[in-house]
Amino acid sequence: MRQSTRSKATKKFVAVGSLQPFAGGIEYQTRIEYDIRRAPRIWIESPRLERRSDEEPIPHMYEQERVCAFMPQIDWNREMFIADYVPGRVVQWLYFYEIWRATGEWFGGGIHPVVPEKTRRLATPIDTEAPLE
Amino acid sequence: MQTPSSSTTHDLRTGHRLDEHLDDVAEVLQLDDARRRAAELAASELHAWIQSNPGLQPHTPLLYPQGSFLIKTTVRPRRDGRDRDEFDLDMVVELQGGWTGTPDQLFERIWDRLHAHPTYGRYATKKRRCVCIDFPGEFHMDVLPARPDADRRKNGHHTAIEVPDRKLHDWKESDPRSFAAWFERRCRERIKERFVSSSMSLLPEDVEAGLGALRKTVQLTKRHRDVIFNGDDDVPRSIVLTTLLADNYYGRRSTYLALRDSVERIDAWATATNGIPRVLNPVNEEENFAEAWNSESLQEFCRFIRRFLAGLHELDQARGPQELGRLLGVLFEEDVAAMAMKKYGERQAELFGRNEALYEPKDKGRIVVPSATAALVSESARAVPRGTNFGG
């Protein structure tokens, strides 16, 4: 990752850099934000990630906005180093994103959280990003 | 034909990142194991049926495969713009004991027997030189009646045969088993040549890998032809492509490099020749496989080869699986490309699942799977951290 800043106002650590899963392939400008209360959050700033069609949203994202390459309360804990963990997970995600774009199938493994129909109507979606304490 | 100016064994064994994708395409196109076994069983059955006929038995009939079925370069056929399930498999039924009747009589005799088979007989039809038996959903078997070619056998061509041509009411010379033997022999020779001047020993696996690469170049070229010409009559013949590819194969193990190099040499040869070049049958120099070529069809051929070469170069510039999948679709058709990319995806799932994937933190996180490719791995490469993709 190229640069990082600590923003005093929001007490947030931001790292940006370029990830290129395939040799000679597309480079993704990636932004990682970390605030101590939550698991790191990841955006792909460019190029724009794209669905395969209206009916085929990108798998393993939060709101089609943030990459979800690990389970926040299970794979990640505050003792871990972002640099050792996050870029490797994100580049793996991008690798399988590209293969998904080519085939329509997600080969990278993972889970899509299932919200039962009833609770979906009655309550707000499960916040997998709730503060860690 | 050009020869490479330098031959190194390193060259010979070097892989290319596109190999696995072309191998996937070839696998999608070729005769699957289940069908191959079914074909072998059907052939066995037909063989027994012919042999058990009292009229034919004294002629010692022998049934054997020929053509792409024999040299293992079959590709799923494409007709009327669609891929078909039924492969075309060529067989010969040779009356080893000879046949003193006319060519038409031989044909009719074999036809009568095959047509009388209780199960398959109803699927038999007559073609110009063969009896075609259609095994629905499985394959078409083209059975060619034949007798030994006594004259050519006297001159040392021990497998030469004569085949009835119903249109000309005459015999046609052929020697499919010699051609198949040449195909393998030529391949072996070329591989051995590369090892002669080096200190490395030729391993059996070098020959097997080389034969595999050569076969795949034939399959991929035939497929590209089928996609481009899409049922036109004036297509480059398979035998012409097979002969040219075998003749221009110089022992590379990499499917991509073997294909690209061979197509490049054929391109150079086709454009350099004055007039209409010939593609002589390597086991019968009186036969020109390309005798039907005129200046128009030659132009078509050159255009086809040149376009294929450009497509292969473009493939090497693909920036990632999406573009690669698209370009494979242009060359070999979208559904086939999609199946090939799925095989690739499945393989990645397996490799990552076995924790064999690395990434290069100092090279923008580039993913490397050392067990699967010839790619170089730096010292700073690390295992992709474990985790479960989530969200959505």
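Rules used in this analysis
- Residues numbered from 1 in each chain as written.
- Chains lettered and ligands numbered in written order.
- Predicted model: local features only at pLDDT ≥ 70, side-chain atom pairs only at ≥ 80, totals over all residues.
- Heavy atoms only, no water.
- Buried < 20%, exposed > 50% of the residue type's maximum accessible area, 1.4 Å probe, protein only.
- Helix = DSSP H or I, 4+ residues; strand = E, 2+ residues; numbered from the N terminus.
- Pairing = 2+ DSSP bridges.
- Polar contact = N/O pair within 3.5 Å; in protein donor to acceptor, adjacent residues only side chain to side chain.
- Contact = heavy atoms within 4.5 Å.
- Axes fitted to C-alpha atoms, helices over the stretch in contact; angles between N-to-C directions.
- Domains from an automatic or database assignment.
- Buried area = accessible area lost by both parts, 1.4 Å probe.
- Salt bridge = Lys/Arg side-chain N within 4 Å of Asp/Glu carboxyl O.
- Nonpolar A, V, L, I, M, F, W, Y, C, P; charged D, E, K, R; others polar.
- Core = buried A, V, L, I, M, F, W, Y, C linked by side-chain atoms within 4.5 Å.
- pLDDT = per-residue confidence, 0-100.
- Patch = residues over 30% accessible without salt bridge, like charges linked within 9 Å, V, L, I, M, F, W, Y side chains within 5 Å.
- Areas by Shrake-Rupley, 256 points an atom, 1.4 Å probe, with all protein chains shown as cover.
- Lys, Arg positive; Asp, Glu negative; His and termini not counted.
- Charge placed at Lys NZ, Arg CZ, Asp CG, Glu CD.

### Some points on helix 2 (residues 19-29) of chain B
Moving on, step 1. Along helix 2 of chain B, nine of the 11 residues are buried, which leaves the element largely enclosed by surrounding structure.
Moving on, step 2. The complete set of buried residues in helix 2 of chain B reads Asp 19, Glu 20, His 21, Leu 22, Asp 24, Val 25, Ala 26, Val 28 and Leu 29 of chain B.

### So, the pairing of strand 7 (residues 139-148) of chain B
Residue and element names in this part refer to chain B.
Moving on, step 1. Most of strand 7 is tucked away: 10 of the 10 residues are buried.
Moving on, step 2. Judged by which residues are buried, strand 7 turns out to be covered on both faces: Phe 139, Met 141, Val 143, Pro 145 and Arg 147 on one side and His 140, Asp 142, Leu 144, Ala 146 and Pro 148 on the other are all buried.
Moving on, step 3. Note: strand 4 (residues 87-95) against strand 7, eight bridges, orientation parallel. Note that in strand 7 the partner of Val 93 across the bridge is Pro 145.
Moving on, step 4. Hairpin remark: strand 6 (residues 131-135) followed by strand 7, antiparallel, with three residues in the connecting loop; positive phi at Gly 137, about 75 degrees.
Moving on, step 5. Pairing analysis gives two bridges linking strand 7 to strand 8 (residues 161-165), with the strands arranged antiparallel. Bridge pairing links Pro 148 to Ile 161 in strand 8.

### Here we look at the side chain of His 140 of chain B
Moving on, step 1. Mapped onto the elements of the fold, His 140 of chain B is located in strand 7.
Moving on, step 2. A distance of 3.3 Å separates the side chain of His 140 of chain B from the side chain of Asp 134 of chain B, its partner in a polar contact.

### Some details on the sheet that holds strand 12 (residues 358-360) of chain B
Moving on, step 1. Read across the sheet, three strands follow the order 13-12-14 (chain B) without closing on themselves; strand pairing throughout is antiparallel. Looking at strand neighbours, the two that pair on one side only are strand 13 (366-368) and strand 14 (382-383) of chain B, the edges of this open sheet.
Moving on, step 2. Bridging between strand 12 of chain B and strand 13 of chain B involves three bridges; their strand directions are antiparallel. Within strand 13 of chain B, the position partnered with Glu 360 of chain B by the bridge is Arg 366 of chain B.
Moving on, step 3. Its contacts with the sheet place helix 1 (residues 82-103) of chain A against strand 12, strand 13 and strand 14 of chain B, and it is angled at close to 110 degrees to strand 12 of chain B.

### Quick look at the domain arrangement of chain B
Residues and elements named next belong to chain B.
Moving on, step 1. Taken domain by domain, chain B consists of domain 1 (6-28 + 180-316), domain 2 (33-174) and domain 3 (321-380).
Moving on, step 2. Computed from C-alpha coordinates alone, the two centres of domain 1 and domain 3 are separated by 26 Å.
Moving on, step 3. In this complex, domain 1 contributes 17 residues to the contact, which on the side of domain 3 involves 16 residues.
Moving on, step 4. Contact between domain 1 and domain 3 buries roughly 1,700 Å² in total, counting both sides, with carbon and sulfur atoms accounting for 72%.
Moving on, step 5. For Glu 27, the salt bridge identified is with Lys 343, shortest N-O distance 2.9 Å.
Moving on, step 6. At the boundary of domain 1 with domain 3, the tally comes to six residue pairs in polar contact (both at pLDDT 80 or more).
Moving on, step 7. Counting residues per element, the ones that place at least two in the side of domain 1 that touches domain 3 are helix 2, helix 8 (204-229) and helix 11 (295-316).
Moving on, step 8. Ranked by residues supplied to the side of domain 1 that touches domain 3, first place goes to helix 2 with seven residues.
Moving on, step 9. Of the residues contributing to the side of domain 1 that touches domain 3, the split by class is nine nonpolar, three polar and five charged.

### Things to note about the environment of Ala 213 of chain B
Residues and elements named next belong to chain B.
Moving on, step 1. With respect to the element layout, Ala 213 can be found in helix 8.
Moving on, step 2. Judged by its relative accessible area of 1%, Ala 213 falls in the buried class.
Moving on, step 3. In sequence terms Ala 213 and Leu 259 are 46 residues apart; their C-alpha atoms lie 8.2 Å from each other.
Moving on, step 4. Dropping the residues within four chain positions of it, Ala 213 is found in contact with Tyr 249, Arg 252, Arg 253 and Ala 258.

### Points about the nonpolar core
Moving on, step 1. Residues Leu 49 and Trp 93 of chain A together with Phe 301, Leu 315, Leu 328 and Phe 332 of chain B are the most contacted members of the largest nonpolar core, which totals 97 residues.
Moving on, step 2. Here this core spans two domains, and each of domain 1 (6-28 + 180-316) and domain 3 (321-380) of chain B adds at least three residues to it.
Moving on, step 3. Once residues lying within four places of it in the same chain are set aside, the contact partners of Phe 332 of chain B are Leu 22, Val 25, Leu 220, Arg 223, His 224, Val 227 and Phe 308 of chain B.
Moving on, step 4. Listed in part, the 29 residues of the second largest apolar core include Leu 46, Ile 50, Leu 63 and Val 93 of chain B.

### Thoughts on the confidence of the model for chain B
Any residue range with low pLDDT should be treated as having predicted coordinates unsuitable for detailed reading.
Residues and elements named next belong to chain B.
Moving on, step 1. The predicted model of chain B has a mean per-residue pLDDT of 92, with 97% of residues at 70 or higher.
Moving on, step 2. Segment residues 1-7 is flagged for pLDDT under 50; beyond a separation of four residues in sequence, or across chains, it makes 11 contacts in the model.
Moving on, step 3. Across the assembled chains, the prediction reports ipTM 0.85 with pTM 0.89.

### Some words on a negative patch on the surface
Residue and element names in this part refer to chain B.
Moving on, step 1. On the surface, a cluster of negative charge is made up of Asp 232, Asp 233, Asp 234 and Glu 296.
Moving on, step 2. Within the secondary structure, Asp 234 sits in the loop between helix 8 and helix 9 (238-247).
Moving on, step 3. For Asp 234, a relative accessible area of 57% translates into the label exposed.

### Re the interface of chain B and chain A
Moving on, step 1. Facing the 27 residues of chain B at the interface are 44 residues of chain A.
Moving on, step 2. Note on chain B versus chain A: buried area summed over both sides is about 3,100 Å², and carbon and sulfur give 60% of it.
Moving on, step 3. It is Lys 364, Asn 389 and Phe 390 of chain B in chain B that bury the most area against chain A; as a group they hold 27% of the surface buried on that side.
Moving on, step 4. Across the chain B-chain A interface, the total number found is three salt bridges.
Moving on, step 5. Between Glu 105 of chain A and Lys 342 of chain B there is a salt bridge, with its nearest N and O atoms 3.2 Å apart.
Moving on, step 6. Summed over the shared surface of chain B and chain A, the result is 22 residue pairs in polar contact (both at pLDDT 80 or more).

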